[in-house]
Amino acid sequence: MRTRLEVTKSSDSFEGALEHFCLRHDSAPPPPLEAHQVEVEVKACCINYPDLMQTTNSYQHKQRFPYTPGLELSGVVVRTGSNCALQVGTRVMAMNSQGGLSSHLVLDENQCFKMPEQLTFAQGAAFCIGYQTAYHCLVERAQLQTDDVVLVNGATGGMGLAAAQLAKQVFGCTVIATGGSDEKLEVVARASGADHVINYSTDKDFSKTVKDVTGGKGVTVVFDSVGGHVFDQGLRSTAFGARVLVVGFTSGERPKIPANYVLIKCLTVLGCRAGEVVVRAKDGENLIQAPRWARLLHFASKGWLQPHVCAELPFTEAGVRQAYTSLMDRKVVGRVCVVMERQSNL
């Protein structure tokens, strides 16, 4: 018996979309595998912000309904097609355009990465998107160095927390993390080792605080996934010649960047799209993706990168709805995951 969570139709609101979640059971024989395909028994699936947007078809990649959500997952290989390097029994983490909220999923083996033994299945499911984005932004785009002072806006989210952890635990940079809750920022400080945390909900002009803690110098790198007023304050927190990374707009407000400020401070503003650069580059899988993942997996095997999963919820309609609701209500610190093996216990 195979089980999947299906979103039966689109909705005008996130709340309305939750009513269209339905578990489907399939007793048909498993499909045959093509060369280089594997079947993964899914153990955990991470719920990301794009998953939330897809339920209302407001994400850049549109869905055809009904569909099974879930962009990143972890599990165990249970079948392989011909010419596969992966073996049955291998623990893997993977990314896909959909389908993670399933008991079993067929994938091309190049979508899967061997999961470091140090990670739990929930952590493995929460690894791919956040750390890939953080690495692309900080290393490939900003060319991060040990002596950089990094401001991470939105550090309480999965991507921001991954960036703070990468900058601090791997490169040893000075890290200033911002977020909208003191309680969440306490978790960020423990999980990433950030040197300073700032609540931008209570410290509206936090660029002054950043200048204070940096001795008036400002930061050399800004990682911003928030946009709006927070981005503006990040821009004002920069040192001369800083790199500003535009990652996303979770605030819902896309900032307007003042060209005169960029000119006067000699700033470099960099757009960051981790997956798109691989697709557009000539031989991007081998020249960009492969070395990126080799380094990330090395960092994880050393224990330097460990996703913070704030909640593990069961693979039931109620459990999945709770995961989505937690993300929608901004209660998540780091990541929230649906854990498949708990289905039979509820």
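Fair warning: this is a prediction, and the values are worked out from it, not measured in the lab.

## A word on the state of the cysteines
At step 1: Taken as a whole and assessed by the stated rule, the structure comprises zero disulfides.
At step 2: Here C173 is not disulfide-linked; the sulfur of C137 is the nearest cysteine sulfur, at 14 Å.
At step 3: Here C173 falls in the buried class, since its relative accessible area comes to 0%.

## Some words on the packing of helix 4 (residues 128–141) against helix 11 (residues 284–301)
Packed helices, taken two at a time, are described by the angle their axes make and the gap between the axes.
At step 1: Running from N to C, helix 4 and helix 11 point in directions that differ by 110 degrees, and their axes come no closer than 11 Å. When the axis of helix 4 is compared with that of helix 11, the two are roughly perpendicular. Where helix 4 approaches helix 11, its residues C128, Y131, Q132, Y135, H136, V139 and E140 are matched on the opposing element by I288, Q289, R292, W293, R295, L296 and F299.
At step 2: Residues belonging to the contact of helix 4 with helix 11 are distributed by class as follows: eight nonpolar, three polar and three charged.

## Looking at the UniProt feature "domain: Enoyl reductase (ER)" (unreviewed entry) in the protein chain
At step 1: UniProt's entry tags residues 16–338 with the feature "domain: Enoyl reductase (ER)" (unreviewed entry), counted in the numbering of this structure.
At step 2: Within the segment residues 16–338, helix and strand shares are 34% and 26% respectively, and the terminal C-alpha atoms sit 20 Å apart.

## Concerning the packing of helix 5 (residues 158–170) against helix 6 (residues 182–192)
At step 1: The N-to-C vectors of helix 5 and helix 6 enclose an angle of 40 degrees; their axes lie 9 Å apart at closest approach. Helix 6 is crossed by helix 5, and the crossing has right-handed handedness. Taking contact as the criterion, the partners of L161, A164, Q165, K168 and Q169 in helix 5 are, on helix 6, V188, A191 and S192.
At step 2: Here the contact of helix 5 with helix 6 is composed, by residue class, of four nonpolar, three polar and one charged.

## Quick word on the layout of surface pockets
At step 1: Here the second largest pocket defines a volume of roughly 270 Å³.
At step 2: Lining the second largest pocket we find 19 residues, and of these R2, R4, S102, H104 and L105 sit closest to its centre.
At step 3: Listed by contribution, the elements that provide at least two residues to the lining of the second largest pocket are strand 1 (2–7), strand 2 (21–26) and strand 6 (104–108).
At step 4: When its residues are assigned to classes, the lining of the second largest pocket shows six nonpolar, eight polar and five charged.

## Description of the environment of I288
At step 1: Position of I288 relative to the elements: it lies in helix 11.
At step 2: As a C-alpha pair, I288 and A274 span 14 residues in sequence and 9.7 Å in three-dimensional space.
At step 3: Ignoring any residue separated from it by four or fewer positions in sequence, one finds I288 in contact with E140, V277, V278 and A281.

## A closer look at the confidence of the model for the protein chain
At step 1: Summary statistics for the protein chain give a mean pLDDT of 95 and a share of 99% for residues scoring 70 or more.
At step 2: In the model, residues 342–346 has pLDDT below 50 throughout and makes seven contacts with residues more than four positions away in sequence or in other chains.

## Considerations on the side chain of S192
At step 1: When you line up the elements, S192 lands in helix 6.
At step 2: Judged by relative accessible area, which is 1%, S192 ranks as buried.
At step 3: Engagement of the side chain of S192 in a polar contact is seen with the backbone nitrogen of A194, the distance being 3.2 Å.
At step 4: Discounting chain neighbours no more than four positions away, the residues touching S192 are L161, A164, Q165, K168 and Q169.

## A closer look at unusual backbone geometry
At step 1: Here F65 and P66 are connected by a cis peptide whose omega angle stands at -5 degrees.
At step 2: If you trace the backbone, P66 turns up in the loop between helix 2 (49–54) and strand 4 (72–80).
At step 3: Unlike most non-glycine residues, D283 shows phi in positive territory, near 55 degrees.
At step 4: Structurally, D283 is set in the loop between helix 10 (274–280) and helix 11.
At step 5: Classification of D283 as partly exposed rests on a relative accessible area of 41%.

## Section: the nonpolar core
At step 1: Judged by nonpolar contacts, the single largest core of 52 residues is most densely connected at F127, L138, L166 and L245.
At step 2: No other element matches the eight residues that helix 4 contributes to this core.
At step 3: Those residues in contact with L245 that lie beyond four places of it in its chain are C137, L138, R141, A142, V221, V222, F223, D224, L270 and C272.
At step 4: Membership of the second largest hydrophobic core comes to 33 residues, among which are A94, L101, F315 and M328.

## Description of the pattern of salt bridges
At step 1: By the definition in use, this model includes 12 salt bridges.
At step 2: Across the pair R280 and E276 runs a salt bridge, and its minimum N-O distance is 2.8 Å. With R280 and E276 both in helix 10 and four residues apart, the pair spans about one turn of that helix.
At step 3: Via salt bridges that share partners, R2, E39 and R79 belong to a single interconnected network.

Criteria and cut-off values
Residues numbered from 1 in each chain as written. Predicted model: local features only at pLDDT ≥ 70, side-chain atom pairs only at ≥ 80, totals over all residues. Heavy atoms only, no water. Disulfide = S-S within 2.5 Å. Buried < 20%, exposed > 50% of the residue type's maximum accessible area, 1.4 Å probe, protein only. Axes fitted to C-alpha atoms, helices over the stretch in contact; angles between N-to-C directions. Helix = DSSP H or I, 4+ residues; strand = E, 2+ residues; numbered from the N terminus. Parallel < 35°, antiparallel > 145°, perpendicular 65-115°, else oblique. Contact = heavy atoms within 4.5 Å. Nonpolar A, V, L, I, M, F, W, Y, C, P; charged D, E, K, R; others polar. UniProt positions renumbered as here; feature names shortened; annotations may be inferred. Left-handed = near helix turned anticlockwise from the far one by under 90°. 1 Å grid on protein atoms, 1.4 Å probe; cavity = no way out; pocket = protein on both sides within 12 Å on 5 of 7 lines; lining within 4 Å. Points joined across faces, edges and corners; volume = space filled by probe spheres on them. pLDDT = per-residue confidence, 0-100. Polar contact = N/O pair within 3.5 Å; in protein donor to acceptor, adjacent residues only side chain to side chain. Core = buried A, V, L, I, M, F, W, Y, C linked by side-chain atoms within 4.5 Å. Salt bridge = Lys/Arg side-chain N within 4 Å of Asp/Glu carboxyl O.

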